[in-house]
Every structure is written in C-alpha cells, then in structure tokens.
There are 4 protein chains.
Amino acid sequence: LSQLAEEIAQEAKAQVFALRVDCGDARSVREAFEGVLSLGPVEVLVYNACEPRADDAAPAHPTPFLAVTPDAFHRSLAVSAAGAFHCAQQVIPGMVERGRGTMIFTGSSASVTGFAGYSDLSCGKFALRGLSQSLAREFQPAGVHIAHVIIDGVIGERRSPTRSSRAGAGDPPLPAAAAAGADPDAVAQSYWHVHTQDKSAWTQEMSIRSPSFM
Amino acid sequence: LSQLAEEIAQEAKAQVFALRVDCGDARSVREAFEGVLSLGPVEVLVYNACEPRADDAAPAHPTPFLAVTPDAFHRSLAVSAAGAFHCAQQVIPGMVERGRGTMIFTGSSASVTGFAGYSDLSCGKFALRGLSQSLAREFQPAGVHIAHVIIDGVIGERRSPTRSSRAGAGDPPLPAAAAAGADPDAVAQSYWHVHTQDKSAWTQEMSIRSPSFM
Amino acid sequence: LSQLAEEIAQEAKAQVFALRVDCGDARSVREAFEGVLSLGPVEVLVYNACEPRADDAAPAHPTPFLAVTPDAFHRSLAVSAAGAFHCAQQVIPGMVERGRGTMIFTGSSASVTGFAGYSDLSCGKFALRGLSQSLAREFQPAGVHIAHVIIDGVIGERRSPTRSSRAGAGDPPLPAAAAAGADPDAVAQSYWHVHTQDKSAWTQEMSIRSPSFM
Amino acid sequence: LSQLAEEIAQEAKAQVFALRVDCGDARSVREAFEGVLSLGPVEVLVYNACEPRADDAAPAHPTPFLAVTPDAFHRSLAVSAAGAFHCAQQVIPGMVERGRGTMIFTGSSASVTGFAGYSDLSCGKFALRGLSQSLAREFQPAGVHIAHVIIDGVIGERRSPTRSSRAGAGDPPLPAAAAAGADPDAVAQSYWHVHTQDKSAWTQEMSIRSPSFM
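Keep in mind the model is a prediction, meaning the values are calculated, not measured.

Conventions we followed
- Residues numbered from 1 in each chain as written.
- Chains lettered and ligands numbered in written order.
- Predicted model: local features only at pLDDT ≥ 70, side-chain atom pairs only at ≥ 80, totals over all residues.
- Heavy atoms only, no water.
- Helix = DSSP H or I, 4+ residues; strand = E, 2+ residues; numbered from the N terminus.
- Buried < 20%, exposed > 50% of the residue type's maximum accessible area, 1.4 Å probe, protein only.
- Contact = heavy atoms within 4.5 Å.
- Areas by Shrake-Rupley, 256 points an atom, 1.4 Å probe, with all protein chains shown as cover.
- Axes fitted to C-alpha atoms, helices over the stretch in contact; angles between N-to-C directions.
- Parallel < 35°, antiparallel > 145°, perpendicular 65-115°, else oblique.
- Least-squares fit on C-alpha atoms with pLDDT ≥ 70 in both.
- Buried area = accessible area lost by both parts, 1.4 Å probe.
- Salt bridge = Lys/Arg side-chain N within 4 Å of Asp/Glu carboxyl O.
- Polar contact = N/O pair within 3.5 Å; in protein donor to acceptor, adjacent residues only side chain to side chain.
- Nonpolar A, V, L, I, M, F, W, Y, C, P; charged D, E, K, R; others polar.
- Expected span 1.5 Å × (residues − 1).
- Bend = angle between axes of the 7 residues up to and from the residue.
- pLDDT = per-residue confidence, 0-100.
- Pairing = 2+ DSSP bridges.
- Left-handed = near helix turned anticlockwise from the far one by under 90°.
- Patch = residues over 30% accessible without salt bridge, like charges linked within 9 Å, V, L, I, M, F, W, Y side chains within 5 Å.
- Disulfide = S-S within 2.5 Å.
- Phe/Tyr/Trp six-rings, centres within 6.5 Å; stacked < 30°, edge-to-face > 60°.

Structural notes on the overall build of chain A
At step 1: Scanning chain A for helices and strands turns up seven helices and four strands.
At step 2: In chain A, the succession of helices and strands from N to C terminus is α-α-β-α-β-α-β-α-α-α-β.
At step 3: Expressed as a percentage of the 214 residues in chain A, the buried residues total 49%.
At step 4: Within chain A, contacts between residues at least 6 apart in sequence are counted, and of these 74% link residues at least 24 apart.
At step 5: Accessible area for chain A stands at about 9900 Å²; split by element, carbon and sulfur atoms hold 55% of it.

Following this line, the structure appears as structure tokens:
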C-alpha cells in the first residue's frame, strides 16, 4: 500500500498518505480520521470499499446463499455500508461548518438489482445507496455534495502510457475482462467532474459502464 | 406478547405460539427456529421486524444524521436486514427440500427512497430489498416464493367489529394518522393473496398505500 | 372475437359484450364507451392493449431501431399509451362521481427497462407507467383505484380443464414458452385481488412473473 | 431565435445555425437534418425539446387530467418522445458508420415519477427515458454514446458575468425560483463532460439538481 502511495506521489508530485483502515470498525475509522483531520479539513471523501473477492480469505462470487456464513454477511454489510456511515460521521461536521465538501460513494450493478449468489453484496450495496440518498437530502442544502456512482461492470487496467511502463516483460497478459473494463483514469475523470460541479447543478447519482459489458 | 397470541388463538380457533427473538442475533434466531422446526416445516415466513421508535429505548425519527450513534446504526441494520438473513437461512433448506414455501419481507417508503433523518432506516430497508431480490432470483426456480411488500404509509387501527368490541369506553380517540392508515386486516389480505398465488404467476414486489397518504 | 365472448358468457353464465376498438383513435374509443356507458357505470377498466407482433401486419421483435418506421413507432405509442389516456378519460368522470372504481394497466418488463430492439415497445410501456402513476396521485384520493401490473414474461395457455376440452385432437402441441408462461387464470386472480382490495391499503404497482423466466 | 444564434456565435466565435423544427413531425425533422447533414456529420445531438407551458398556446401545469385534450396529450408525446425518435433516426446511421457520436436526452423529475396534473408530461418523459435505454443497449456497442440526464428542478438564469452585462437597468429582478435554479452554464458543463467521457466508462443516466430544490 505504501509503495502504491509512493508511486502516486511521484507521478502527481504531491504528498500522499495511505492508511490501512478496517472500515467496518468504528474505532479504526475514528482513529484514522484523527490523523487525517490533524492535517486539515477533508475536501473530498471517496468511499470505494469492497470486500475482497475470490482470494483465499474471501469466498468467490457467486456464492450459494446457504453457503454464506453469518460472519461473511455481517462483514459485507460492515464494509459496504457501516464503513461509509463511520466515515461520513467523521467528515460531515467539518464540511457543514465550512459549507462545502464532496462525498462520493461507489456502487455497482448490485446496488440496484439483486442477483442470485450475491445476496451479501446486494444487501451492502443497496444499503449504501439508501445512505447516500438520505445524506444528500439532509446535507446538500448545507453545501455538502453527496453523490452515488453506479459502476456497472469491471474496472480494467489503465491504458495510459504509465501502465505499460510499469508492466514488465514477465507480466501476464491482461485477462479479457480487464482489457474490456472501464479505464480507471476515465472513471476518475467522472469523479473529478462530480467534485467540481457548480453547486446549482449537482449530480446525486450517475451510472458508469463500459459498452463492452452491455 | 403471549396475551396477544392468546387473543389471536381464540379468534382464529387455532394454536398460536409467540416467541420473543432478537432478530439481529444469529444465535437467538437459530434457537427460536429449533423450536419452530420441531413442530413441522415452515410454510410461510413473514419478516416484519422494525426497530421500535419514539419510545425511551429508541430515538425518534427523523434523527439528525450526526445524532445517530454507531450502535443505533448497527442495530437498525441488524433488525432490518441481518435478521431477515438469519431467518431465511433457517427456513430455506426445508422449503427447497419440499419445493414450496413463501417468504414475505415488509418494506416501506424508506426501502426505495432515502429521506433526511432516516439514514439508519433507509440503510436497513434498502438492504432488505436487495436481499429479497437476490433470494428470489436464486430460490424461485426451486419453488420458493419470495416477495417484498412496500407499505407506504402508516398501518392504522383495525376497523373490523372486533376492534370496537375491544375498545372500551375509556379508550382515547384514534389519532388522525392511525384512523387514516392502512387497515391491518386489509394488509393481511394482500399478504395472503401473495402466499396463495399460482406458481406460474408470482409477485416479487408490490406496493400498498392508503390513499390518505398520497 | 364474438365467438370468444360467447364462450366466456356460457362459462360464466353472464352477459358478455365484445367491442372491437382502435385504441389509438380517440373517436373510436369514445364511440365504444358511448355504448358501454349506456349500459351503466364502469366498475373496472383493465387496459391490456398491445400491438400484435410477429404476424404479417406487424414487425417481429426485436426490430433493429433503424427498421422501425415512424408509422410503427406512432402506432406503438398510440396503442400502449394514448389508448389508455382515451379510455381513462371516458371512465374517470363516472368513477369520481360515484367515488369508486378500478383501473388496471398492464405493463411488461419493457415498462421499466429499455431493451435493444424494443424501442417502440419501451416508449409506449414506459409512457403507460407514467400515466398510471399520475392518475393514481390525482384520483386515488377521490376513491378511484389505479394500478399498474408489470407482467414479466410470457402469458401461457390456461391449465384449467376448460383448456383441454377446447383443445381438439388436431391441436398443435404447446410451444415450450407458452407451457412455461403465466397461467392467465392465475394472472386474473391477482387482477381480481387488486380490484377487491380495501381502500385503506391499495396496491399501485405489482410485478407478476413466472419463475421459469428468472 | 436567429438573434440568439447570433449572440452565441459572437460569444463563442463560431458558426451557429438555428433552425426552427416541429419535433413531432417526421417530415419537418427530416428536412431540417437534410440541411444539417449537408454540412457534415453530427457529432453530438442534444434533445432538449419541451412543450411550452403556461403561455396562451399551452395549458399551465398542473392541469387536471380531465382538462387535458387529446390534442394536447398527443402533442406532448410527439414533442417529448416521437421527436427524439425522429432525430435519432436521422443521426444514428452516420454515427454508427463512423463508430462515434453522442446523443443526450434531457429528462426531468417527471421522467421517473408521475405527478398529479402532469400526466401528459410524465407520459412523454417516461417514454423518452425508455427510448434512451433501448438505444443505449443497441448502439453503445457500436460506439455511439447515448445518455439520459434527469434535470430535477428549474433551470435558472446564468450567473456568469455575461448575464449581468446583458441585463439592462430596466430588467425585472429575477424571480426567486429562477435565481435558485440550476445555472445553465453549469448544466452545460455536465453535458460536455458526458460527451467527452472515455468510451470505456460511459454514463447512461445521471441526475442534476439544484440543492435549493431538495
């Protein structure tokens, strides 16, 4: 993680800090933000957390409903929804005080449709969408922009030159899905656009999709 | 609770058991269903849980977001969504085995729209809707009917004769909202209709609303 | 058509009239209702019109967008949406006057999602849904129940005894889709339920789907 | 209209042509595009048509449903939905051929919710949304970006310096609604963003709202 932060810092010629947080744990989030807020107020919060999938620690999707353990279910709600709640509670007071700030929550197709084998993910992502709407209603009049971005499909690899320079000779070829997915730089452009929108014309929800997934 | 069960039993001339369960606690749910399942398979599960409001133990709604404690937030997710997950895991195996059964989850207007001051409720109710859709996709092909009913507005008092016979001379007049709300017997008719629908034409979602709330 | 009316009349031991109307033509609708209203007030209106498909007169679906003629497009809007408007204008005055009545509009999966090759159908069906919501908001407080039923999938053949008695020896076997589709009698049960709901707990929208289409 | 075109041309130092078209008339649209396409291929189509309101020629909103004439209803469908169909048919062949192009359809809160007194508008706007989804599914894989923007609330006056320079001493003060509405330049920024999005991460739908309307 710190290596990635360093790469970004070099590329962007900016100070970058990376903190490891357990989003589902109120205390862990609070402690992280104590450090963050000591540096200054938060201008933008992007909540992009997702339970890792398909590795040793997490079950692959789709998972039959009866194979989802209560722990895994709670974990999914904690990461997708409760973590967003904890983070929002940390940054909103400062944003309201200054009358500005942006919070962007990342959703997926599982935010608006329940799929077989994704009950844990859908619960968490539906909940996150409900949270973003509630917060928008409460805090947009106070000058805090709250948006929900539904990324429908897979985020692929960067296609910018930087990517190829990082990719060594021994890199495996990109899987087809990643090659066809959304370019993360392109997604970031839309997040940036949302952040810089004029206050009279804010986006509360938008979809982003790679046509290769239609 | 047991007094209510007795009243229902007398009125319906049927055996009625009432169990007090903490829906948010997997163990409490599992233990309750051990008792239930020892009586026979479950034909219908109606999941109607809701955090009590506006009494001493629970905050009134609307609650400013910054006044919602992490505990209250977790509690709301636990009651609205995790409890439904726990109950579904208890009854689905038997329903799949027999190729029949009905689960009805009760939602509200907060299931489809986030309102200011209801972030905890919206999170839980959105999540419950996501769960119901996922379960429908996975288990309806196996013969288990899974429906989500969006009750938009307040459930009022019963208007049937029984009600007036129960109401004593000293009863306070009904508040206007209750008088105008949905008759619980009428709501029950729709739940019953959903349960008895022919398998070739199942309802996955329906709204119920008193026109006095339009 | 009159033969079908006769069959229904015999089966139901009731008077049945069938009128052929061009739903998209305000005059044709008005003239038909002059006859209807001379018999008495309308208790229930079920608007179930659909452009015929896949026969000689109508293009099969999916139709490439560039192959949809302006005439076919207008026709689809006229049948799906304008016809419902014309019919509603004929029956609402009487329903409002009597403070009762039911209108049920039939939608489909194309009412809530646009599919490639169904632009004409989606336009008309989306429009019909918007109409039903507007009418519900305006007239439910006046005692007129307005519902939109999303039938997701194919209506199949009746599975009741009547069906087999009508099917002659030379009948072709049912196509698989029809066999798996929703039993029209089962669909009718849900329409009937909507019509007979208590006024305090009306359904504005419900989905109906055969699990074989999930 | 031509005066407005001239103002824009001067401000933008670009060639600007304004054509008056009856969107609901296939022939009128086709003739207009013959002229347009003779200048070169269309890069962006913004379909922003709306029946004028509250003047002598058009009924004010909200209009009681029974006061909406069949002509006014057809007119609303023609302008909101059929016009978009006609325009799309004119520009899509060229866009598909070149494998690029953007179409943006403007919706409103009446695109997703039916309101009492807006049945004509809701029908047309719902239909337009269905059209945009169908076209997106069919043509995004061919490289044509199709988006639907839900502008929820009123477009206000420009707040840029240009505006005040145009406003003379005798100008009436802005009505409160206009002052609080979305700045048209800000809305245009979002349309421009949609047009310039990378093809791997296209927005199909986004909302735009002034927080003063929440």
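Still to come is the rest of the account.
Examining the packing of helix H7 (residues 184–196) of chain A against helix H7 (residues 184–196) of chain D
At step 1: Two elements in contact, H7 of chain A and H7 of chain D, have axes whose closest approach is 11 Å; the angle formed by their N-to-C orientations is 180°. Regarding the angle of H7 of chain A to H7 of chain D, the classification is roughly antiparallel. Contacts between H7 of chain A and H7 of chain D involve Gln189, Ser190 and His193 of chain A from the first element and Gln189, Ser190 and His193 of chain D from the second.

Concerning the relation of the copies chain A and chain B
At step 1: Mapping chain A onto chain B is achieved by rotating through 180° and translating by 0.0 Å along the same axis, at an RMSD of 0.0 Å. With respect to symmetry, the two chain copies, as superposed, fit the operation of a two-fold axis.
At step 2: Taken together, the interface assignments show that 100% of the residues at the interface of chain A recur at the interface of chain B, consistent with an identical surface on both copies.

A closer look at the interface of chain D and chain C
At step 1: Each partner contributes to the interface: chain D provides 41 residues, whereas chain C provides 41 residues.
At step 2: Together chain D and chain C conceal approximately 3100 Å² of surface at their shared face, both sides included; 73% is due to carbon and sulfur atoms.
At step 3: Contact with chain C buries area across many residues of chain D, yet Phe65, Phe85 and Phe126 of chain D alone supply 21% of it, more than any other trio.
At step 4: For the pair chain D and chain C, the number of links is zero salt bridges.
At step 5: For the interface between chain D and chain C, the tally reads 12 residue pairs in polar contact (both at pLDDT 80 or more).
At step 6: Listed by contribution, the elements that provide at least two residues to the side of chain D that touches chain C are helix H3 (70–98) and helix H4 (119–139) of chain D.
At step 7: The dominant element in the side of chain D that touches chain C, judged by the number of residues it contributes, is H4 of chain D, at 14 residues.
At step 8: For the side of chain D that touches chain C, a count of residues per class yields 24 nonpolar, 14 polar and three charged.

Here's the deal with the interface of chain A and chain B
At step 1: Listed per partner, the contact involves 41 residues of chain A and 41 residues of chain B.
At step 2: A per-residue breakdown of the area chain A buries against chain B is headed by Phe65, Phe85 and Phe126 of chain A, which together make up 21% of the total.
At step 3: Counting the contacts that link chain A with chain B gives zero salt bridges.
At step 4: Where chain A touches chain B, the interface holds 12 residue pairs in polar contact (both at pLDDT 80 or more).

Digging into helix H3 (residues 70–98) of chain A
Residues and elements named next belong to chain A.
At step 1: Here H3 contains 29 residues, and its C-alpha end-to-end distance of 41 Å stays within 8% of the 42 Å for a straight helix at 1.5 Å per residue.
At step 2: Along its length, H3 shows its largest kink, about 40°, at Ala78.
At step 3: Directly beyond the C-terminal end of H3, a positive phi value near 70° is found at Gly99.

A short note on the confidence of the model for chain A
At step 1: The predicted model of chain A has a mean per-residue pLDDT of 86, with 85% of residues at 70 or higher.
At step 2: This prediction of the complex comes with two scores: 0.90 for pTM and 0.88 for ipTM.

Overview of the pattern of salt bridges
At step 1: Using the criterion set out here, one finds 20 salt bridges over all chains in the structure.
At step 2: In this structure, the salt-bridge partner of Arg100 of chain B is Glu43 of chain B, at a minimum N-O distance of 2.4 Å. Here the residue Arg100 of chain B occupies a position in the loop between helix H3 (70–98) and strand S2 (102–108), and Glu43 of chain B occupies one in the loop between helix H2 (26–39) and strand S1 (44–47), the gap between them amounting to 57 residues.
At step 3: Given the relative accessible area of 44%, Arg100 of chain B is considered partly exposed.
At step 4: Linking Arg129 of chain C and Glu205 of chain C is a salt bridge whose minimum nitrogen-to-oxygen distance equals 2.8 Å. Here Glu205 of chain C lies in strand S4 (residues 205–209) and Arg129 of chain C lies in helix H4 (residues 119–139), a separation of 76 residues in the sequence.
At step 5: In this structure Arg129 of chain C comes out as buried when scored by relative accessible area, which is 17%.

Observations concerning the pairing of strand S4 (residues 205–209) of chain B
One face of the sheet, then the other: side chains in a regular strand alternate in exactly this way.
Residues and elements named next belong to chain B.
At step 1: A large share of S4 lies buried, amounting to five of its five residues.
At step 2: Alternating residues of S4 divide into Glu205, Ser207 and Arg209 and Met206 and Ile208, and every residue in both groups is buried.
At step 3: When strand S3 (residues 145–152) meets S4, the two strands line up parallel, connected through five bridges. Counted as the bridge partner of Ile150 is Ser207 from S4.

Observations regarding the side chain of Ser108 of chain D
At step 1: Relative to the helices and strands, Ser108 of chain D resides in strand S2 (residues 102–108).
At step 2: Residues contacting Ser108 of chain D, with those up to four places away along its chain left out, are Lys125, Ile150 and Ile151 of chain D.

Description of the environment of Ala26 of chain D
At step 1: By the element assignment, Ala26 of chain D lies in helix H2 (residues 26–39).
At step 2: C-alpha separation for the pair Ala26 of chain D and Ile208 of chain D, spaced 182 residues apart in sequence, amounts to 30 Å.
At step 3: With residues near it in sequence (within four places) discarded, Ala26 of chain D still touches Pro70 of chain C together with His86 of chain D.

Section: the side chain of His148 of chain A
Residue and element names in this part refer to chain A.
At step 1: Within the secondary structure, His148 sits in strand S3 (residues 145–152).
At step 2: Within polar-contact distance, the side chain of His148 engages the side chain of Glu205 at 2.8 Å.
At step 3: Here His148 is in contact with Phe105, Gly107, Ser111, Arg129, Ser132, Gln204, Glu205 and Met206, once residues within four sequence places are set aside.

Thoughts on the packing of H3 of chain D against H4 of chain D
Residue and element names in this part refer to chain D.
At step 1: Relative orientation of the contacting elements H3 and H4 amounts to 15°, with a least axis distance of 7 Å. Relative to H4, H3 is oriented roughly parallel. Classified by chirality, the crossing of H4 by H3 is right-handed. For the pair H3 and H4, the contacting residues are Phe73, Ser76, Leu77, Ser80, Ala81, Ala84, Phe85, Ala88, Ile92 and Val96 in the first and Ser119, Asp120, Leu121, Cys123, Gly124, Lys125, Ala127, Leu128, Leu131, Leu135 and Phe139 in the second.
At step 2: Taken together, the residues of the contact of H3 with H4 break down into 15 nonpolar, four polar and two charged.

Focus: a nonpolar patch on the surface
At step 1: Where nonpolar side chains cluster on the molecular surface, the patch consists of Leu1, Leu4, Ile8 and Val16 of chain A and spans about 330 Å² of accessible area.
At step 2: Locating Leu1 of chain A in the fold gives a position in the segment before helix H1 (2–12).

Here we look at the pairing of S2 of chain D
Residues and elements named next belong to chain D.
At step 1: With respect to burial, S2 is a largely interior element, seven of its seven residues being buried.
At step 2: Residues Thr102, Ile104, Thr106 and Ser108 point to one face of S2 and Met103, Phe105 and Gly107 to the other, with burial holding for every one of them.
At step 3: In this sheet, S2 lies alongside strand S1 (residues 44–47) in parallel orientation, the contact comprising four bridges. Note on S2: the bridge partner recorded for Leu45 is Met103.

Details of the state of the cysteines
At step 1: Inspection of the entire model under this criterion finds zero disulfides over all chains.
At step 2: Free of any disulfide, Cys123 of chain B has its nearest neighbouring cysteine sulfur in Cys123 of chain A, separated by 11 Å.
At step 3: For Cys123 of chain B, a relative accessible area of 0% corresponds to the buried category.

What to know about the environment of Pro41 of chain D
At step 1: Within the secondary structure layout, Pro41 of chain D lies in the loop between H2 and S1.
At step 2: The sequence separation of Pro41 of chain D and Cys87 of chain D amounts to 46 residues, and the corresponding C-alpha distance is 13 Å.

Concerning unusual backbone geometry
Residues and elements named next belong to chain B.
At step 1: Phi is positive for Lys13, which is not a glycine, with a value near 50°.
At step 2: Position of Lys13 among the secondary structure elements: in the loop between helix H1 (2–12) and H2.
At step 3: For Lys13, a relative accessible area of 75% corresponds to the exposed category.

Topic: the packing of aromatic side chains
At step 1: Under the counting rule described, the total for this entry stands at 17 aromatic pairs over all chains.
At step 2: What links up through ring pairs into an aromatic cluster is the set Phe65 and Phe73 of chain A together with Phe85 and Phe139 of chain B.

Details of the environment of Leu131 of chain C
At step 1: With respect to the secondary-structure elements, Leu131 of chain C resides in helix H4.
At step 2: Judged by relative accessible area, Leu131 of chain C falls into the buried class, the value being 0%.
At step 3: Those residues in contact with Leu131 of chain C that lie beyond four places of it in its chain are Ala81, Ala84 and Phe85 of chain C together with Phe65, Ser119 and Cys123 of chain D.

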